[in-house]
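Here are the chains, one letter per residue:
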Amino acid sequence: ALPIWDREEARNWRSHLISLDAFARHKKFVNDYFLYYGGKKEDFKRSQANDKTDLDVIRENHRFLWEEKDEEDMTWEKKMARKYYDKLFKEYCIADLRKYKENKFGFRWRVEKEVISGKGQFFCGNKHCEEKEGLKSWEVNFGYLEHGEKRNALVKLRLCPECSYKLNFHHRRREIKPRRKRLHEERNEKPLSKKSKLSPSQKSRSKKKDEHSPDTAGESDKDEERAEDQEGPSDADYWKGPEREIGRA
């Protein structure tokens, strides 16, 4: 009778387990373990100290500018960071100017959402400014430390007058002007530079010289004519050649 009872009990136990879902079955096994062997649920918790999200991986392997040597020995973490880098828009930068008095700036490339909204091009490129009037384009030699290596990159950004003052607080950066505006300024500067060479006193002297120049020229011509009249004919005018010899008959 015992074997038959054991068989029926095992059949009921199996059908009971099959009727449970995966999570309920897992909880039952864990409770049975604590019931027979003792322990706590905290002992079964996995350590999350070494867990990393995709954002953590990108932050660890991100490069401001990728070079050929950076693409050597590409791991899956570097490939993920490179894929994120390819999605960034690298025409203008977004700047963090909070430490401008210490001559410390932070720059990053724009994401798609910022390009659509116009942030960094039609609005001020400062992270904490939304001004859109009087924007100027600046070119900055950005020096940064990345993975223990010093690097430099030329970046462009557009800032409002107030943020431009912060950027140029220690020394002035190079302003990028539109081509038409630059050519117009160069044309205006050329005649001004020529005029500036002559001082007001020099201009007055040159005018006086121009006024007296015709009279002096006339007087000099008259003096030359008088000198020629006083000298008279030269000896060359009286010389008729060598004398002819008269032969004897």
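Let me begin by describing the structure that accompanies this report. (Residues numbered from 1 in each chain as written. Predicted model: local features only at pLDDT ≥ 70, side-chain atom pairs only at ≥ 80, totals over all residues. Heavy atoms only, no water.)

This paragraph deals with the pattern of salt bridges. Under the defined criterion, the tally for this structure stands at 15 salt bridges. For arginine 108, the salt bridge goes to glutamate 114, with nearest N and O atoms at 2.7 Å. One continuous salt-bridge network, built from bridges that share partners, spans Arg63, Lys69, Asp70, Glu146, Glu149 and Arg151. (Salt bridge = Lys/Arg side-chain N within 4 Å of Asp/Glu carboxyl O.)

Take the packing of helix H3 (residues 54–61) against helix H4 (residues 76–86) next. The contact between H3 and H4 brings their axes to 8 Å, and the two run at 90 degrees. One element, H3, and the other, H4, form an angle in the roughly perpendicular class. Every residue of H4 that contacts H3 at Asp54, Val57, Ile58 and Asn61 is listed here: Trp76, Glu77, Lys78, Met80, Ala81 and Tyr84. Split into classes, the residues belonging to the contact of H3 with H4 amount to six nonpolar, one polar and three charged. (Axes fitted to C-alpha atoms, helices over the stretch in contact; angles between N-to-C directions. Helix = DSSP H or I, 4+ residues; strand = E, 2+ residues; numbered from the N terminus. Parallel < 35°, antiparallel > 145°, perpendicular 65-115°, else oblique. Contact = heavy atoms within 4.5 Å. Nonpolar A, V, L, I, M, F, W, Y, C, P; charged D, E, K, R; others polar.)

This brings us to H3. Turning to H3, its buried residues number three or more, namely Val57, Ile58 and Asn61. Along the long axis of H3, the arc covered by the buried residues comes to 100 degrees, so they all point the same way. Of the surrounding elements, those touching the buried residues of H3 are H4. (Buried < 20%, exposed > 50% of the residue type's maximum accessible area, 1.4 Å probe, protein only. Arc of directions from axis to C-beta.)

When you line up the elements, glutamate 131 lands in the loop between helix H5 (112–117) and strand E3 (136–146). Taking C-alpha positions, glutamate 131 is 9.5 Å from cysteine 163, a pair spaced 32 residues apart along the chain. Within polar-contact distance, the side chain of glutamate 131 engages the backbone nitrogen of glutamate 133 at 3.4 Å. (Polar contact = N/O pair within 3.5 Å; in protein donor to acceptor, adjacent residues only side chain to side chain.)

A surface patch of nonpolar side chains, about 690 Å² in accessible area, is lined by Tyr33, Leu35, Tyr36, Tyr37 and Phe44. With respect to the helices and strands, tyrosine 36 occurs in helix H2 (residues 22–37). What makes tyrosine 36 exposed here is its relative accessible area of 65%. (Patch = residues over 30% accessible without salt bridge, like charges linked within 9 Å, V, L, I, M, F, W, Y side chains within 5 Å. Areas by Shrake-Rupley, 256 points an atom, 1.4 Å probe, with all protein chains shown as cover.)

Moving on, we come to the sheet that holds strand E5 (residues 174–176). Strand order in the open sheet formed by three strands is E4-E3-E5, with antiparallel pairing between adjacent strands. Two strands lie at the open edges of the sheet, namely strand E4 (149–159) and E5, each paired on one side alone. Here the strands of the sheet are splayed against their neighbours by 35 degrees on average, with no regard to which way each runs. Relative to E4, E3 is paired through eleven bridges, and the arrangement is antiparallel. Bridging across to E4, asparagine 141 finds its partner in leucine 154. (Pairing = 2+ DSSP bridges.)

On the surface, Glu67, Glu68, Glu72 and Asp73 cluster together to form a negatively charged patch. Tracing the backbone shows aspartate 73 in the loop between H3 and H4. (Lys, Arg positive; Asp, Glu negative; His and termini not counted. Charge placed at Lys NZ, Arg CZ, Asp CG, Glu CD.)

A few words now on the nonpolar core. General note: in soluble globular proteins, nonpolar side chains tend to be found buried as a group. In terms of nonpolar packing, the biggest core is built from 26 residues, with Phe64, Phe107, Trp109, Cys124, Val155, Leu159 and Cys163 touching the most fellow members. Looking at this core, the elements that each hand over two or more residues are H4, strand E1 (89–96), strand E2 (106–110), E3, E4 and helix H6 (161–167). With residues near it in sequence (within four places) discarded, valine 155 still touches Phe64, Cys93, Trp109, Trp138, Glu139, Val140 and Phe142. (Core = buried A, V, L, I, M, F, W, Y, C linked by side-chain atoms within 4.5 Å.)

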